[in-house]
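Now for the letters of each chain:
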Amino acid sequence: MRQLILLALIGASSAALLEAPMFQASGGDWDKKFVSWMEEGGEPFTGKEEFHTLRLKVVKRVASWASEQLKDIPSIYRILSWMGRASGIDTVSLAEDLESLGKSENVDSFVKKAKATAERHNSALRKVRKEGEPFHPLGEAKYPYWGFIPLDKAHVVPNGPAMTWTNRGCKNNMAKAVWNEQHTEITITVTATECSALHTGDVYMLMTVDGTHFMKLSHEEPSHTIVWKAQRATTAVDYDLNKKGIRFFAFIHDEVQLMVDLLDTVQLFLQPEAGHYPDFPDQKVMEENIYFLTNYQKIKPFMKPRNNTGITGVNPDLIQTGDFIGVIRLDGLDPMLAWAMGSTTGHTTVAMRDANNELWITESTTNSSYWPVNGIQRTPYNIWIQQAKAAGYNAVWAPLDPAQRAKLNVTAMWDHFYKSEGLQYGYHTMLWGWIDTVKNNYPCLPPDFEACLTWNILEVLFPQVAYIVPSVGQLLYEEAWNKRLGTTGLTAAEMFMYAETQLNMSSDVIPTIVEQDSWIYDTTRYGKPVKGRSMVCCVFVCSMWKAGGLFGNDTVNCGELTNLDDYDLNIFDKTKMNSGRPEICQINDPENQNCQLVGPYTLNFNNYNEAPIYSHMAEKCPSWIPGEGPDYWGPGKQQGTC
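Residues numbered from 1 in each chain as written. Predicted model: local features only at pLDDT ≥ 70, side-chain atom pairs only at ≥ 80, totals over all residues. Heavy atoms only, no water.

Asker: Help me get a handle on the overall build of the protein chain, residues and values and all.
Answerer: Helix and strand counts for the protein chain come out as 21 helices and 18 strands. Across the 642 residues that make up the protein chain, the buried fraction comes to 58%. Entry remark: accessible area of the protein chain is about 25,900 Å², with carbon and sulfur atoms responsible for 53%. (Helix = DSSP H or I, 4+ residues; strand = E, 2+ residues; numbered from the N terminus. Buried < 20%, exposed > 50% of the residue type's maximum accessible area, 1.4 Å probe, protein only. Areas by Shrake-Rupley, 256 points an atom, 1.4 Å probe, with all protein chains shown as cover.)

Put into structure tokens, the structure is as follows:
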């Protein structure tokens with residue numbers, strides 16, 4: 001942190017954050033600006049990268065960009081005030097330093113005094129991330145992760161009435177939008193009154209399905225005029241603009257903390273060195289992810305270091321067909337998915353024994369710097385457990401109840417596996433199995449859980465993803481949404497218009513439509529195009545159980561099950577819990593109800609073995625209550641009614 005702040009101090013320039021090119025894209029040029037921005041940061045892409053490669057490139061670019069922007073904040077007073085709040089610097093001492101800096105005769109004097117100020121407060125800065133002390137986020141906020149999720153403030157329809165709203169910095173805000181005569185540009189006028197001189201201002205993101213623009217309203221800048229160019233003048237874009245307008249989203253933090261929010265968030269995902277297989281998570285990254293889960297998800301018991309950080313040494317002969325193994329890797333992605341789903345795992349697998357009684361671990365996953373094979377696969381257990389250790393997996397075994405295991409048609413399970421083996425990981429359905437409701441599945445931010453991811457944000461964000469990288473849009477949502485509407489080949493904006501004009505369905509209902517196990521997607525098998533199922537890890541585990549007859553005559557769409565839905569089912573062996581576990585498991589993890597096979601940190605399953613099996617389970621279950629917090633285990637789950 002010290003280096004970051006010193007860079008901000010000595011590198012302060014006249015280029016304000018919101019004047020950066022990334023913030024000046026409006027209308028249809030957002031995708032071009034984004035491509036240019038990636039290239040300028042040394043992370044060019046062609047649009048043909050594998051999804052996990054593209055994700056890493058974007059994460060690295062965001063990290064470098066956020067660091068650059070902290071150097072360019074023009075006000076040293078802002079930086080030093082932020083330093084004081086972040087590190088506990090005495091406010092009287094800070095005030096004296098600010099006064100001294102303000103009297104600097106020239107730039108050289110200013111920089112000299114700024115350096116001296118940083119050095120005087122160096123010991124306080126070290127407290128933020130001191131070696132050996134509990135992890136603390138970079139900035140002043142206890143909850144910086146995903147702190148750039150904005151609040152929905154207003155929708156301003158061109159040639160419609162002016163819209164008003166309130167915010168923290170400026171109490172009264174008004175915006176109006178007007179088409180030009182040629183219907184090619186929109187002039188947006190924004191004014192604010194009652195802006196506090198003591199507040200740094202409110203940062204906004206203006207969005208439509210066609211573009212994005214950033215602006216700031218403050219005491220110094222209480223008004224803006226923005227010319228919005230509608231470069232993609234399609235029927236669907238016009239429909240969106242004229243019905244839903246330009247969305248005004250307000251960030252909950254100022255631009256300094258906003259950059260820190262970005263940095264802290266991307267550091268959940270970013271290893272110090274982007275390595276190659278096998279790649280064990282960096283210790284600091286794991287600590288940061290545990291802090292995130294502890295403070296955002298709040299599922300107890302919290303993860304903590306294990307005494308035995310290696311392989312527990314469970315006798316593999318005890319692991320049988322149909323047994324569940326849940327995994328979390330503290331790498332940003334798994335914890336993010338766990339937070340959204342309400343699970344303590346980010347990955348799931350199912351054990352299988354073949355005709356020769358050899359033990360295999362079957363799963364749907366992706367190849368990466370920590371895993372060598374892509375897609376639906378099987379791995380001999382003795383190899384899998386070594387790969388799991390090398391990858392930094394925390395993995396827990398849950399044996400099926402003998403009566404449940406007796407239901408399984410093992411031949412049918414293997415038939416299903418062989419039909420699925422080699423299929424690509426289920427990116428098509430990755431985001432939609434856990435969206436069952438219009439607003440009660442999107443995660444919210446602590447401490448008050450008022451700021452939530454909402455459909456209004458995704459509705460304008462996802463179409464722009466497809467403009468930038470069409471293959472990612474097709475992979476992540478376009479094909480899945482088209483199936484829900486019974487259409488083919490429509491873009492996101494076209495689907496929204498079709499749903500509302502032809503089906504009388506609000507666009508926010510689309511993601512909640514039940515994923516049918518009968519749906520076949522354009523996917524790949526061993527890299528070659530095929531038609532097939534799209535299954536993420538937990539869907540694949542469920543599909544193996546379903547193929548074996550575990551659910552009997554109940555109608556279960558495995559595409560709707562999450563990690564939590566897999567292991568909360570009342571199908572596991574109660575006699576193998578707690579004191580019924582193998583002795584070596586009790587010695588290594590005395591507080592775990594299950595047997596942990598490997599991992600540097602403890603992993604416990606929440607709501608384990610509690611949910612009944614019932615037809616259409618997990619299709620309409622809420623998991624979040626905006627303004628209250630997580631509701632992972634609500635009445636519907638407990639009673640088998642959702």
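On we go from here.
Asker: Tell me about the packing of helix α8 (residues 235–244) against helix α17 (residues 492–502), and please be specific about residues and values.
Answerer: When two helices pack together, their arrangement is given by the angle between the helix axes and by the axis-to-axis distance. Contact geometry for α8 and α17: axes closest at 8 Å, N-to-C directions at 60°. Judged by the sense of rotation from one axis to the other, the crossing of α8 with α17 is left-handed. Judged by residue contacts, Thr235, Ala236, Tyr239, Lys243 and Lys244 of α8 engage Ala493, Glu494, Met497, Glu500 and Thr501 from α17. Tallied by class, residues from the contact of α8 with α17 come to four nonpolar, two polar and four charged. (Axes fitted to C-alpha atoms, helices over the stretch in contact; angles between N-to-C directions. Left-handed = near helix turned anticlockwise from the far one by under 90°. Contact = heavy atoms within 4.5 Å. Nonpolar A, V, L, I, M, F, W, Y, C, P; charged D, E, K, R; others polar.)

Asker: Let's hear about the environment of Trp146: which residues, and what values?
Answerer: Assignment of secondary structure puts Trp146 in the loop between α7 (122–126) and β1 (151–156). Residues Trp146 and Cys444, 298 residues apart in the sequence, show an inter-C-alpha distance of 9.4 Å.

Asker: Please set out the pattern of salt bridges residue by residue, giving values where relevant.
Answerer: Overall, the coordinates contain 16 salt bridges when judged by the stated rule. The shortest N-O distance in the salt bridge between Arg247 and Glu459 comes to 3.3 Å. One end of the pair, Arg247, is in strand β8 (residues 246–250); the other, Glu459, is in helix α15 (residues 455–468), and 212 residues separate them in sequence. Note on Glu459: relative accessible area 3%, which makes it buried. Glu591 is paired through a salt bridge with Lys304; the nearest N and O atoms lie 3.0 Å apart. Of this pair, Glu591 sits in the loop between α20 (583–588) and β16 (595–598) while Lys304 sits in the loop between α10 (283–297) and β9 (324–329); the two residues are 287 residues apart in sequence, bridging distant segments of the chain. For Glu591, a relative accessible area of 63% puts it in the exposed group. By relative accessible area, which is 40% here, Lys304 ends up partly exposed. Each of Asp240, Lys243, Lys244, Arg247, Glu459 and Glu500 takes part in salt bridges that share partners, so that together they form one network. (Salt bridge = Lys/Arg side-chain N within 4 Å of Asp/Glu carboxyl O.)

Asker: Summarise the packing of aromatic side chains; cite the residues concerned and give the values.
Answerer: With the rule as written, the count across this model stands at 41 aromatic pairs. Here Tyr145 and Tyr296 contribute two aromatic rings whose centre-to-centre distance is 5.8 Å and whose plane-to-plane angle is 65°, an arrangement assigned as edge-to-face. One end of the pair, Tyr145, is in the loop between α7 and β1; the other, Tyr296, is in helix α10, with 151 residues separating them in the sequence. In this pair, the class of Tyr145 matches that of Tyr296, namely buried. Geometrically, the ring pair formed by Phe292 and Trp339 is edge-to-face, given 5.4 Å between the ring centres and 80° between the ring planes. With a gap of 47 residues between them, Phe292 in helix α10 and Trp339 in helix α11 (residues 333–341) connect regions that are remote in the sequence. Both residues of the pair, Phe292 and Trp339, count as buried. (Phe/Tyr/Trp six-rings, centres within 6.5 Å; stacked < 30°, edge-to-face > 60°.)

Asker: Go over the sheet that holds strand β13 (residues 393–398) with me, naming the residues and quoting the values.
Answerer: A sheet is described by the order of its strands in space; here six strands give the open sequence β12-β11-β10-β9-β13-β16, paired in antiparallel fashion. Among the strands making up the open sheet, the edge pair consists of β12 (375–380) and β16. Averaged over all adjacent pairs, the angle separating strand axes in this sheet is 30°, with direction ignored. Helix-sheet contacts for helix α14 (residues 410–420) involve β10 (347–353), β11 (359–365) and β12, and the interaxial angle to β12 is about 125°. Its contacts with the sheet place helix α18 (residues 537–547) against β9, β10, β11 and β12, and it is angled at close to 30° to β10. (Pairing = 2+ DSSP bridges.)

Asker: Talk me through the sheet that holds strand β5 (residues 202–207); I want residue IDs and the actual numbers.
Answerer: The strand order across the open sheet built from four strands is β1-β8-β5-β6, with neighbouring strands paired in antiparallel fashion. The open sheet has two edge strands with one neighbour each: β1 and β6 (212–217). Each strand of the sheet is rotated relative to its neighbour by a mean of 25°, with strand direction disregarded. For β5 and β6, the ladder comprises six bridges, and the chain directions are antiparallel. Paired with Tyr204 across the bridge in β6 is Met215.

Asker: Mind laying out the nonpolar core, listing which residues take part and the relevant values?
Answerer: The biggest cluster of nonpolar side chains holds 151 residues, and the ones touching the most others in it are Ile188, Phe248, Trp481 and Trp545. The leading source of residues in this core is α18, at eight residues. With residues up to four places along the chain from it excluded, the contact list for Ile188 reads Lys176, Ala177, Leu206, His224, Thr225, Ile226, Trp228, Ile246 and Phe248. The next biggest cluster of nonpolar side chains, apart from the first, holds 21 residues, and it includes Ile319, Tyr370, Cys585 and Val598. (Core = buried A, V, L, I, M, F, W, Y, C linked by side-chain atoms within 4.5 Å.)

Asker: For unusual backbone geometry, give the residues involved together with the corresponding values.
Answerer: A cis amide bond links Lys300 with the next residue in sequence, Pro301, at an omega value of -5°. Of note, Pro301 is situated in the loop between α10 and β9. With an omega dihedral of 5°, the bond running from Pro446 to Pro447 counts as a cis peptide bond. Note that Pro447 resides in the loop between α14 and α15. Of note, Asn159 is a non-glycine position whose phi angle comes to about 65°, a positive value. Looking at where Asn159 falls in the secondary structure, it is placed in the loop between β1 and β2 (163–165). Positive phi values are uncommon outside glycine, yet Ala618 reaches one of about 65°. By the secondary structure assignment, Ala618 is in the loop between β16 and β17 (624–625).

Asker: Break down the state of the cysteines for me, with residues and values.
Answerer: Counted by the stated rule, this structure contains five disulfides. Disulfide partner of Cys444: Cys452, at an S-S distance of 2.1 Å. Judged by the sign of its S-S torsion, about 100°, the bond between Cys444 and Cys452 is right-handed. The buried category is assigned to Cys444, whose relative accessible area is 0%. Residue Cys452 is classed as buried on the basis of its relative accessible area, which comes to 8%. With its bonded cysteines labelled in order along the sequence, the protein chain shows the pairing 1-2, 3-4, 5-6, 7-8, 9-10. This cysteine, Cys538, is not joined by any disulfide, and Cys537 carries the nearest cysteine sulfur, 4.6 Å off. (Disulfide = S-S within 2.5 Å.)

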